[in-house]
Amino acid sequence: IVVYLAIVALLLGLIIQASATLVSSISDLLDDVPKLRAQIESLLASVQVWLGTFGLTVNLEEQAQEIVANLQAWALTLVDPLQSIAVASIGIFGNILILVILSIYMALDRDDIMAFLYRLVPPAYVPQARVLQVSVSRSFGGFLRGQLIMGLVFGMFTAVVNVIFGLPYAAVTTVAAGVLQMIPFFGPFVSWMPPVLVAMIMPSGPLVPVAILMAIAWFVTMNVLQPRLMSGSVGIHPIVVLGSVVVGSKIAGIAGAI
């Protein structure tokens with residue numbers, strides 16, 4: 001019980017601190033919206049001139065204004081919920097405490113609970129029910145844990161890149177990269193973008209080194225960490241995981257790889 005309560009207190013502290021940091025970072029982003037709009041328009045103006053040499057008439061500056069407006073609206077919708085997290089921490093603590101108590105009972109009485117559930121299953125289907133229970137516990141639970149670990153690791157990589165180059169809006173880009181990495185299938189393919197976009201719109205920003213470091217972090221996460229985590233959750237070797245992805249992509253493209 002002491003260990004459980006210590007974990008709950010630590011998590012609540014982290015949630016409150018992270019929400020405060022995010023509020024500060026988003027507020028800075030809102031304050032810098034006019035400057036960001038000018039930087040993006042300046043960046044896209046040269047691109048538009050280059051496209052014009054090929055006879056392409058695309059109004060990138062107008063699109064940039066829409067992107068910045070959408071970004072500002074998105075940031076405004078996040079400020080109030082994040083500020084209310086600290087106020088609602090007492091209610092959050094109460095709900096988490098109930099979950100902790102339930103999990104303690106489930107851990108202590110696991111065998112009795114499973115025996116009761118198996119008694120509800122017709123005898124002929126008990127072996128299949130046991131297989132299902134083990135599969136869900138190991139494979140699906142391992143998959144969720146693997147996604148969480150990959151998101152946290154990639155978020156730490158992003159935080160290190162932000163600190164090294166002193167990029168603005170570090171909290172927002174770090175959280176965005178970590179959350180995107182946790183989203184199965186399509187999330188990892190865009191998880192590297194948040195800090196790269198910030199470096200792109202900065203005047204004389206360190207675009208190339210940031211892009212290189214994020215590419216290295218993405219490669220390590222997807223080709224070293226992910227196969228090992230997924231092999232642990234489904235019980236097969238990382239080489240088989242990577243091999244199956246390669247074979248599946250050759251047979252049926254992206255869907256086959258998934």
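Residues numbered from 1 in each chain as written. Predicted model: local features only at pLDDT ≥ 70, side-chain atom pairs only at ≥ 80, totals over all residues. Heavy atoms only, no water.

1. Things to note about the overall build of the chain
Scanning the chain from terminus to terminus reveals ten helices and zero strands. Sequence-ordered secondary structure for the chain, helices as α and strands as β, is α-α-α-α-α-α-α-α-α-α. For the chain, buried positions account for 27% of its 258 residues. For the chain, the share of sequence-separated contacts (at least 6 apart) that also reach a separation of at least 24 residues comes to 64%. Total accessible area on the chain stands at roughly 16100 Å², and carbon and sulfur atoms take up 75% of it. (Helix = DSSP H or I, 4+ residues; strand = E, 2+ residues; numbered from the N terminus. Buried < 20%, exposed > 50% of the residue type's maximum accessible area, 1.4 Å probe, protein only. Contact = heavy atoms within 4.5 Å. Areas by Shrake-Rupley, 256 points an atom, 1.4 Å probe, with all protein chains shown as cover.)

2. Section: the packing of helix α6 (residues 126-165) against helix α7 (residues 170-182)
When two helices pack together, their arrangement is given by the angle between their axes and by how far apart the axes lie. Taken N-terminus to C-terminus, the directions of α6 and α7 make an angle of 150 degrees; their axes are 7 Å apart at the nearest point. Classified by the angle their axes make, α6 and α7 are roughly antiparallel. Both α6 and α7 take part in a crossing whose hand is right-handed. Contacts from Q147, L148, M150, G151, L152, F154, G155, T158, A159 and N162 of α6 reach α7 at A170, T173, T174, A177, G178, Q181 and M182. For the contact of α6 with α7, the class distribution of residues is eight nonpolar, nine polar and no charged. (Axes fitted to C-alpha atoms, helices over the stretch in contact; angles between N-to-C directions. Parallel < 35°, antiparallel > 145°, perpendicular 65-115°, else oblique. Left-handed = near helix turned anticlockwise from the far one by under 90°. Nonpolar A, V, L, I, M, F, W, Y, C, P; charged D, E, K, R; others polar.)

3. Examining the pattern of salt bridges
On inspection of all chains with the given rule, the structure shows one salt bridge. Of the charged contacts in the structure, one is a salt bridge between R110 and D111, with a shortest N-O distance of 3.7 Å. R110 sits in the partly exposed class, given a relative accessible area of 43%. What makes D111 exposed here is its relative accessible area of 59%. (Salt bridge = Lys/Arg side-chain N within 4 Å of Asp/Glu carboxyl O.)

4. A few points about the environment of V172
Residue position: V172 is located in helix α7. For V172, a relative accessible area of 13% translates into the label buried. Taking the C-alpha atoms as reference points, V172 and P195, separated by 23 residues in sequence, lie 9.2 Å from one another.

5. Observations concerning the nonpolar core
Of all hydrophobic cores here, the largest spans twelve residues; its members are F154, V161, L167, Y169, V172, A177, V196, V198, A199, V210, M214 and A217. Discounting residues that sit within four places of it in the chain, V210 has contacts with V161, F165, L167, P195, V196 and A199. (Core = buried A, V, L, I, M, F, W, Y, C linked by side-chain atoms within 4.5 Å.)

6. Some words on the packing of aromatic side chains
Using the criterion set out here, one finds one aromatic pair in the structure. Seen in terms of ring centroids, F189 and W218 are 6.4 Å apart; in terms of plane orientation they differ by 50 degrees. Their pairing is tilted. With F189 in the loop between α7 and α8 (193-201) and W218 in helix α9 (residues 207-234), this residue pair connects regions lying 29 residues apart in the sequence. The exposure class of F189 is exposed, given its relative accessible area of 52%. By relative accessible area, W218 is classed as partly exposed at 23%. A cation sits over an aromatic face here: R130 above Y118, 4.2 Å from the ring centre. (Phe/Tyr/Trp six-rings, centres within 6.5 Å; stacked < 30°, edge-to-face > 60°. Lys NZ or Arg CZ within 6 Å of the ring centre and 35° of its normal.)

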